[in-house]
Amino acid sequence: MKSYFNTGKGIQLQPIDIGHPRYFGLVSADTAFWSLIRKDRMAYALARPSFLETYRRKEKYFVEEMNTLRFGRKPFAVYFNPTDRCNLNCPYCYIPEKMRRHGRNMPSFKMLRALKILKSYFRQTLPKNIKPQIIFHGAEPMLNKETVLEVIRRFADDFQFGIQTNGTLLDAETIDFLVSKNISIGMSLDGHTEVVAGRLRKTWDGRGVFSEVVSAIRQLRGYTNYSVICTVTKENMPHLADIIEFLHEEKVPVCMLNPLRCTSPASRPHKPKDSRFAAHYLKALDRSFELYKKTGRRIVIANFANVLVGILAPSARRLMCDISPCGGGRCFFAVSARGDAFACSEFIGLSRFKGGNIFKDKIKTILESKAFKLVTGRKVENIHPCAQCAIRHFCGSPCPAEAHQMNGSMEKIGAFCEFYEEQVRYAMRLIADGKEEGFLWDGWDKGTSVSLEISTL
Amino acid sequence: MKNRKVKAKRTIIARRKKCKASGAGLSHYIFQDKK
């Protein structure tokens, strides 16, 4: 077996500068194979037949693995909006203001019918031992609380339920109920102080909601199935490390520091500059590691952990934004309060991307609709500069909605290319230094096995 | 400490794990499922 690389049918390997004093990265982009090579031994490593042959023996499997991950998944989760409405008016929301202000709740009888339809669909498509996920999302799902709780009670044996809420309507009784049912709860909080958190997340009359959300977080203390999402904007970007410190002190187990999506024009004035955001984000990651070393307790920054997992075990990733095609329309889809189906919640409000209505159309037909294909057909191979980028399968060029709405087409990049570059470089530096476990959730590799390991002195 | 010194000397580091894919989260939400 020949061990040539970068010629003919040989392995394609791209060196990348990961910003480490001793290591370069060497990546085969199509298979998401990566290695870290000591800078002073690059020629030695590449000349060792055992290195390239070890990879070559696995290459076919890696191709199949990436194909399955990228094109072979079946929907397993539904992001379900029980209402169009929200009691907050955050300017970066992807749901149009008119809908959030004047929209409707899905009536109880319709939501029960919707769940029956979804149950029936998943029974046909998923193995019996797998419970599909329903995540109540928004807008603010707790504005239709009684119906949501009723649905959870009735379908507890059929679905795993989750809820993403702004936290303002979570009273003690509701929290007790959600915890008793082991519901996965996500809450939104954009700052560590009333001032920072209230810069953009406000009620319709302009009042911040920091104290209500922190009160709900405190009531959830000790519950492991919850997380906090912090949407990063120009307004809170300089405070990310302090936000991590605050959430760690509040014993929040998992959070996300997600840049705002630029799908809606109203969000774009709040977009942080890519490079500045990346710098603050990396400082927040550093702070999370310092806190871990100091206290022995982690706060996992899940969107970064997912990038790291995507490198260490591509199929173990939990978030499906940073793989191409993204998970929209193929791993999950979204249902609005009217029953309209979209590949992802991000498209709710963009009628062109409506794939059908779950009360009128078969789900199979919706999944094969032109609107869904627009999303599921977006892949990095067709995007410039992603097609040449070594880390295209660690990033995935998210997000199709913002690429389409902000940059003009599905063949354009999303809003935060540099941010992803820096995340991958940081992740590889951690691996080079053996620090990666400090950034991952417990049991991240449960159910995995080793498919390749090279560690050469 | 000894392990750390050995790690620092490694010429090549490469590893990968495999599993059945089941992720369905997105940037608006991550499913937490700890029992």
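Draft legend 1. Main features of the overall build of chain A. When helices and strands are tallied, chain A shows 16 helices and 14 strands. For 457 residues, the compact-globule estimate of 2.2 N^0.38 gives 23 Å, and the C-alpha radius of gyration of chain A, at 22 Å, lies within 12% of that figure. Here the C-alpha coordinates of chain A stretch approximately 65 × 50 × 40 Å along the principal axes. Out of the 457 residues in chain A, the part that is buried amounts to 52%.

Draft legend 2. Inspection of the interface of chain B and chain A at higher detail. Facing 27 residues of chain B, the contacting portion of chain A comprises 61 residues. No other element matches the 7 residues that strand β1 (residues 12-18) of chain B contributes to the side of chain B that touches chain A. Among the residues forming the side of chain B that touches chain A, the class breakdown is 10 nonpolar, 7 polar and 10 charged. For strand β3 (residues 33-38) of chain A and β1 of chain B, the ladder comprises 2 bridges, and the chain directions are antiparallel. The residue of β1 of chain B that forms the bridge with I37 of chain A is I12 of chain B.

Draft legend 3. Representation of the pairing of strand β14 (residues 449-456) of chain A within the structure. The element β14 of chain A is barely covered by neighbouring structure, given that only 0 of its 8 residues are classed as buried. Where β14 of chain A and β1 of chain B come together, 7 bridges link them in antiparallel fashion. Paired with S449 of chain A across the bridge in β1 of chain B is K18 of chain B.

Draft legend 4. Representation of the sheet that holds strand β9 (residues 254-259) of chain A. Residue and element names in this part refer to chain A. Strands sit in the order β10-β9-β8-β7-β6-β5-β4-β11-β12-β13 across an open sheet of 10 strands; the sheet is mixed. On the outer flanks of this sheet lie β10 (300-301) and β13 (354-357), each paired with one strand and no other. Across 4 bridges, the pairing between strand β4 (residues 77-80) and strand β11 (residues 332-335) is parallel. Across the sheet, F80 pairs through a bridge with V335, a residue of β11.

Draft legend 5. Unusual backbone geometry, seen in detail. Residue and element names in this part refer to chain A. Look at the link from G138 to A139: it is a cis peptide, with omega at 5°. As for its placement among the helices and strands, A139 is situated in the loop between β5 (133-136) and α5 (145-154). Note that the residue after H384, namely P385, is joined by a cis bond; omega there is 10°. Along the chain, P385 falls in the loop between α13 (370-376) and α14 (392-395). At N6, a residue that is not glycine, the phi angle is positive and equals roughly 65°. Position of N6 among the secondary structure elements: in the segment before β1 (14-16). Phi angles above zero are rare outside glycine, and S397 is one such case at about 55°. For S397, the location among the structural elements is in the loop between α14 and α15 (400-407).

Draft legend 6. Summary view of the environment of F394 of chain A. Positionally, F394 of chain A belongs in helix α14. Taking the C-alpha atoms as reference, F394 of chain A lies 6.7 Å from D322 of chain A; in sequence the two are 72 residues apart.

Draft legend 7. Representation of the nonpolar core in the model. All names here are of chain A. Counting 154 residues, the largest nonpolar core has C255 and I301 as the members making the most contacts within it. The element best represented in this core is helix α16 (residues 417-433), accounting for 9 residues. In this structure I301 touches C255, M256, L257, A284, L285 and S288, once residues within four positions along its chain are discounted.

Draft legend 8. View of α15 of chain A. All names here are of chain A. Counting buried positions along α15 gives 7 out of 8 residues, so the element sits mostly inside the fold. The complete set of buried residues in α15 reads P400, A401, E402, A403, H404, Q405 and M406. Considering only its buried residues, α15 is in contact with α13. G408 lies just past α15 and shows a positive phi near 105°.

Draft legend 9. Here's a closer look at the sheet that holds β3 of chain A. Pairing is antiparallel in the open sheet, where 5 strands are placed in the order β1(A)-β2(A)-β3(A)-β1(B)-β14(A). A single partner strand is all that each edge strand has here, and the edge strands are β1 and β14 of chain A. Shown here is a sheet whose adjacent strand axes are inclined to one another by a mean of 20°, direction ignored. The sheet strands contacting α16 of chain A are β2 (23-28) and β3 of chain A together with β1 of chain B, and the helix crosses β3 of chain A at an angle near 60°.

Draft legend 10. The arrangement of the confidence of the model for chain B in detail. Residue and element names in this part refer to chain B. Overall, the predicted model of chain B reaches an average pLDDT of 78, with 71% of residues at or above 70. In the model, residues 1-6 has pLDDT below 50 throughout and makes 0 contacts with residues more than four positions away in sequence or in other chains. Across the interface, the model reports ipTM at 0.92; the global pTM reads 0.96.

Draft legend 11. Geometry of the pairing of strand β6 (residues 160-165) of chain A. Residue and element names in this part refer to chain A. Here β6 lies mainly inside the structure; 5 of its 6 residues are buried. The pairing of β5 with β6 spans 4 bridges and is classified as parallel. Opposite I134, over in β6, you have F161 as the bridge partner. Each parallel crossover has a hand, and for β5 linked through α5 to β6 it is right-handed. With helix α6 (residues 172-180) bridging β6 and the parallel strand β7 (residues 184-188), this β-α-β connection has right-handed handedness.

Definitions and cut-offs
- Numbering of residues begins from 1 in every chain and follows the order in which that chain's sequence is written.
- Numbering of ligands from 1 and lettering of chains from A proceed in the order in which they are written.
- Local features in this predicted model are restricted to residues whose pLDDT is 70 or higher, and side-chain atom pairs enter the listing and the counts only when it is 80 or higher, whereas totals over whole chains, interfaces and linings include all residues.
- Secondary structure counts use DSSP, requiring at least four H or I residues in a row for a helix and at least two E residues in a row for a strand, with both numbered from the N terminus.
- Throughout, radius of gyration means the C-alpha value; the globule benchmark is 2.2 Å times the number of residues raised to the power 0.38.
- Think of it as a crowd count around each C-beta: if 20 or more other C-beta atoms lie within 10 Å the residue is buried, if 12 or fewer it is exposed, and in between it is partly exposed, with C-beta placed from the backbone throughout.
- Each residue is represented by a C-beta atom placed from its backbone, and any two residues with such atoms within 7 Å are regarded as in contact.
- Three classes are used: nonpolar for Ala, Val, Leu, Ile, Met, Phe, Trp, Tyr, Cys and Pro, charged for Asp, Glu, Lys and Arg, and polar for all others, with Gly counted as polar.
- Two strands are counted as paired when DSSP detects at least two bridges linking them.
- Put simply, a nonpolar core is a cluster of buried Ala, Val, Leu, Ile, Met, Phe, Trp, Tyr and Cys residues tied together by C-beta atoms within 7 Å.
- Here, axes are lines fitted to C-alpha atoms. For helices the fit covers the stretch in contact, and angles between N-to-C directions go from 0 to 180 degrees.
- Confidence scores here are pLDDT values: one per residue, from the predictor, ranging 0 to 100.
- For crossovers, right-handed means that the path from the first strand over the helix to the second runs clockwise, given strands pointing away from the viewer.

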